[in-house]
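Given next are the chains, with one letter for each unit.
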Amino acid sequence: MSFLAGRMLILCYGMPKSGSTLAFELVRGMLRDAGYPQDVFINDHRHADDLQGTGLGIRNFAKNLSEKKIAEIASEIGPDRKIAVKTHSAMPAGTFGLLEEMQQKGEIQIVASYRDPREMCLSLLDAARKNTRDGTNAFGGKADLETAAQGVERRIRDFREWASVKGALRLDYDTTAFLPDNAMDKIEPVFGFTCDRAAVKQYAYKEAYTQKNKARRARYKELSPEQNAELMDRFGDFIRRVCDLDDQSWFDECRAEMMSTSC
């Protein structure tokens, strides 16, 4: 689906530590380059007075989404603007059919980022340890593999719902982080424009604050054989069907279920 006239909310969902900030900044950079200024008007982690600043993390971010809140954000965008908003929020209950209708009308475009769950667990552990050292007590101060795995497990259902909306753009971490031109090959046809790729890469990969930890490929190799076996037992279906195969039927199964409960 190409861009239509009028406003559009580009809602960028990602599981924490799935490369969601990088995916968001890549999309935001491409929109800016295509002539759509990315004014910041909502960030649920910051005071309203901070939103016009230029410091780290000044971006559109929304949490605790509801049908009403999505409508308010879309209205705030105003006519003839296309603005990206990042979120980690679950899809509001009962809104799947509405979101799909909005997407087909060109009022919204969902972008859903994902990553091998084993690597998300490792990245969560890195962040937990760092924040514990800094005294911020993130993730409840716990830094063990089981806690990280439980957090990732809870988020997979959220990702599946967002990514199952017909027309949703799915971006995997390895492509976004290490093959930027391939990522842009996926993004440009969805939005119906081309961009100055060198300028966008300079922004997204060098200038934007993307909260990267180690930015390594195949981090699951850091796990012990026992840890890897444990996580494969837990996440094997997702790793095989989504990460390895990009199996559309995995999403279609969810879409059928969501459409039946939304009606």
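Just so it is clear, the model here is predicted, and its values are computed rather than measured.

Peer 1: Could you give an account of the overall build of the protein, with specific residues and numbers?
Peer 2: Broken down by element type, the protein carries 10 helices and 5 strands. Sequence-distant contacts, at least 24 apart, represent 77% of the contacts inside the protein between residues at least 6 apart.

Peer 1: Describe in detail the packing of aromatic side chains, supporting the description with residues and values.
Peer 2: Evaluated as defined, the whole model comprises 9 aromatic pairs. Look at Tyr-114 and Phe-238: their rings are 6.5 Å apart centre to centre, the planes differ by 85°, and that puts the pair in the edge-to-face class. Taken together, the positions of Tyr-114 in strand 4 (residues 108–114) and Phe-238 in helix 9 (residues 225–244) put the pair 124 residues apart, joining distant regions of the chain. When the ring of Trp-250 is compared with that of Phe-251, the centres are 5.0 Å apart and the planes differ by 85°; the resulting orientation is edge-to-face. For Trp-250, a relative accessible area of 4% puts it in the buried group. Here a set of aromatic residues connected by ring pairs shows up, and it is made of Tyr-114, Phe-159, Phe-238, Trp-250 and Phe-251. The ring of Tyr-203 carries the charged tip of Arg-32 above its face, separated from the ring centre by 4.1 Å. A cation sits over an aromatic face here: Arg-170 above Phe-251, 3.7 Å from the ring centre.

Peer 1: Describe the packing of helix 7 (residues 180–191) against helix 8 (residues 197–207), naming the residues involved and giving the relevant values.
Peer 2: Contact geometry for helix 7 and helix 8: axes closest at 11 Å, N-to-C directions at 110°. Classified by the angle their axes make, helix 7 and helix 8 are roughly perpendicular. Handedness of the crossing formed by helix 7 with helix 8: right-handed. In contact with Pro-180, Asp-181, Met-184, Asp-185 and Glu-188 of helix 7, helix 8 contributes Arg-197, Val-200, Lys-201 and Tyr-205. A class-by-class count of the residues in the contact of helix 7 with helix 8 yields 4 nonpolar, no polar and 5 charged.

Peer 1: Could you give an account of helix 2 (residues 67–77), naming the residues involved and the relevant values?
Peer 2: Burial in helix 2 covers these residues: Lys-69, Ile-70, Ile-73, Ala-74 and Ile-77. Taken around the axis of helix 2, the buried residues stretch over an arc of 135°, which confines them to a single face. Looking at the packing, one finds that the buried side of helix 2 touches strand 1 (8–14), strand 2 (61–62), strand 3 (82–87) and helix 3 (96–104).

Peer 1: Give a detailed account of the pairing of strand 1, specifying residues and quantitative values.
Peer 2: With 7 of 7 residues buried, strand 1 is to be regarded as a mostly interior element. Along strand 1, one buried face is formed by Met-8, Ile-10, Cys-12 and Gly-14 and the opposite face, lined by Leu-9, Leu-11 and Tyr-13, is buried too. Bridge analysis of strand 1 against strand 3 gives 6 bridges, and the strand direction is parallel. Bridging from a neighbouring strand, Leu-9 pairs with Ile-83 of strand 3. Strand direction decides the pairing type here: strand 1 and strand 4, joined by 6 bridges, are parallel. Bridge assignment links Leu-11 to a residue of strand 4, and that residue is Ile-110.

Peer 1: Can you explain the environment of Asp-126? Please cite residues and give values.
Peer 2: Following the sequence through the fold, Asp-126 ends up in helix 4 (residues 117–134). For Asp-126, a relative accessible area of 17% gives the class buried. The sequence separation of Asp-126 and Ala-143 amounts to 17 residues, and the corresponding C-alpha distance is 8.1 Å. One polar contact links Asp-126 to Arg-219, side chain to side chain, over a distance of 2.7 Å.

Peer 1: An account of the layout of surface pockets is requested, with residue identities and associated values reported.
Peer 2: Reported here for the second largest pocket is a volume of approximately 320 Å³. Together, 16 residues line the second largest pocket, and Asp-116, Asp-172, Asp-174, Cys-243 and Asp-244 are the ones closest to its centre. Elements with a contribution of two residues or more to the lining of the second largest pocket: helix 4, helix 6 (173–178) and helix 9. The class makeup of the residues in the lining of the second largest pocket is 6 nonpolar, no polar and 10 charged.

About the cut-offs
Residues numbered from 1 in each chain as written. Predicted model: local features only at pLDDT ≥ 70, side-chain atom pairs only at ≥ 80, totals over all residues. Heavy atoms only, no water. Helix = DSSP H or I, 4+ residues; strand = E, 2+ residues; numbered from the N terminus. Contact = heavy atoms within 4.5 Å. Phe/Tyr/Trp six-rings, centres within 6.5 Å; stacked < 30°, edge-to-face > 60°. Buried < 20%, exposed > 50% of the residue type's maximum accessible area, 1.4 Å probe, protein only. Lys NZ or Arg CZ within 6 Å of the ring centre and 35° of its normal. Axes fitted to C-alpha atoms, helices over the stretch in contact; angles between N-to-C directions. Parallel < 35°, antiparallel > 145°, perpendicular 65-115°, else oblique. Left-handed = near helix turned anticlockwise from the far one by under 90°. Nonpolar A, V, L, I, M, F, W, Y, C, P; charged D, E, K, R; others polar. Arc of directions from axis to C-beta. Pairing = 2+ DSSP bridges. Polar contact = N/O pair within 3.5 Å; in protein donor to acceptor, adjacent residues only side chain to side chain. 1 Å grid on protein atoms, 1.4 Å probe; cavity = no way out; pocket = protein on both sides within 12 Å on 5 of 7 lines; lining within 4 Å. Points joined across faces, edges and corners; volume = space filled by probe spheres on them.

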